[in-house]
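# Fold and contact review
The residues making up each chain are set out below.
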Amino acid sequence: MNDSTTIRPSNAFLAALPARDFAELRPHLRLVEIGQGDVLCENGAPIGHVLFVESGMISLVTTMRDGRAVENATLGKEAVFGALSALGAHRANVRAVMQIAGCVWRVRVEDFREVFERSAAVRRLVLLASELSIAQMQQTAACNALHQAPQRLCRWILQVHDRIDGRHVELTHEFLAQMLALRRPTVSLILQELQGAGLVRYGRGRITVLDRDGLESRACECAQVLRDKLRRTLAAMR
């Protein structure tokens, strides 16, 4: 993909930067297209780039020794991956996977640190983006422990729907089961119920949202809690 930086990104944190501070960062930004399933960073690996999601979605996943995995957070165009690397040598503590294909603005950690040192607004970006990611991980952990599987699945579909253009979510039952630490038959049964209620349509690795309000009514409060946190964070950024 052409990595021109002449356009103003739609990533929420980049868009919220004052023009002068964005101009400092802009020469270092490269727009990169990432395919579904591509691994952006492995757990324990050094972080070489800071990523501002422009479209699509990144999943942050913890993998156990026996191969089981669970999702900790999802990052869309309101998020930044690797921001803490501005503070010094930093290794990933999760596996980052592009679960919905899209584009990211990528900047080398070395270049990002230089701008970080000069720009108070970029330093605030690092603080707020990191705080938002931690808040999502904490909320997801609480959700997985306290809420029922149907509520969690509805919450997850809503979070993905917030981050994509259109109504279609390209994900398999196997993937959903792994991300939510559920059995595949459980996911299938819940989707059958949601489809029977006219809330979604699913098949061939695709979920189509038909009734957004209906999904909201069946989801736990976590999706709205995280939306409210995002709104407050971006207001503070601006």
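Reference entry: report on the structure contained in this document.

Definitions and cut-offs
- Residues numbered from 1 in each chain as written.
- Predicted model: local features only at pLDDT ≥ 70, side-chain atom pairs only at ≥ 80, totals over all residues.
- Heavy atoms only, no water.
- Axes fitted to C-alpha atoms, helices over the stretch in contact; angles between N-to-C directions.
- Helix = DSSP H or I, 4+ residues; strand = E, 2+ residues; numbered from the N terminus.
- Parallel < 35°, antiparallel > 145°, perpendicular 65-115°, else oblique.
- Left-handed = near helix turned anticlockwise from the far one by under 90°.
- Contact = heavy atoms within 4.5 Å.
- Nonpolar A, V, L, I, M, F, W, Y, C, P; charged D, E, K, R; others polar.
- Core = buried A, V, L, I, M, F, W, Y, C linked by side-chain atoms within 4.5 Å.
- Buried < 20%, exposed > 50% of the residue type's maximum accessible area, 1.4 Å probe, protein only.
- Pairing = 2+ DSSP bridges.

### Comments concerning the packing of helix α4 (residues 120–146) against helix α5 (residues 149–163)
Closest axis-to-axis distance for the α4/α5 pair is 11 Å, and the angle between their directions is 150°. On the basis of the axis angle, α4 is roughly antiparallel to α5. Pair α4 / α5 crosses with left-handed handedness. Contacts between α4 and α5 involve Q136, T140, C143 and N144 from the former and R152, R155, Q159 and R163 from the latter. Its residues assigned to classes, the contact of α4 with α5 shows one nonpolar, four polar and three charged.

### Some details on the nonpolar core
Ranked by size, the top nonpolar core spans 47 residues in total, and within it F13, L17, L25, F52 and F112 carry the most contacts. The leading source of residues in this core is α4, at seven residues. Those residues in contact with F112 that sit more than four places away from it in its chain are L25, V50, F52, A83, A86, V107, V122, L125 and V126. Counting residues in each nonpolar core, the second largest holds 30 residues, with L158, I164, M179 and V187 among its members.

### Comments concerning the sheet that holds strand β11 (residues 206–209)
Pairing is antiparallel in the open sheet, where three strands are placed in the order β9-β11-β10. Either end of the sheet is taken by a strand with one partner, and the two such strands are β9 (168–170) and β10 (200–203). Strand-to-strand, the axes of this sheet are offset by a mean angle of 15°, without reference to chain direction. Two elements, β10 and β11, share four bridges in a ladder whose sense is antiparallel. Paired with R201 across the strands is T208, a residue of β11. Across the sheet, helix α7 (residues 184–196) touches β10 and β11, and the angle it forms with β10 is around 135°.

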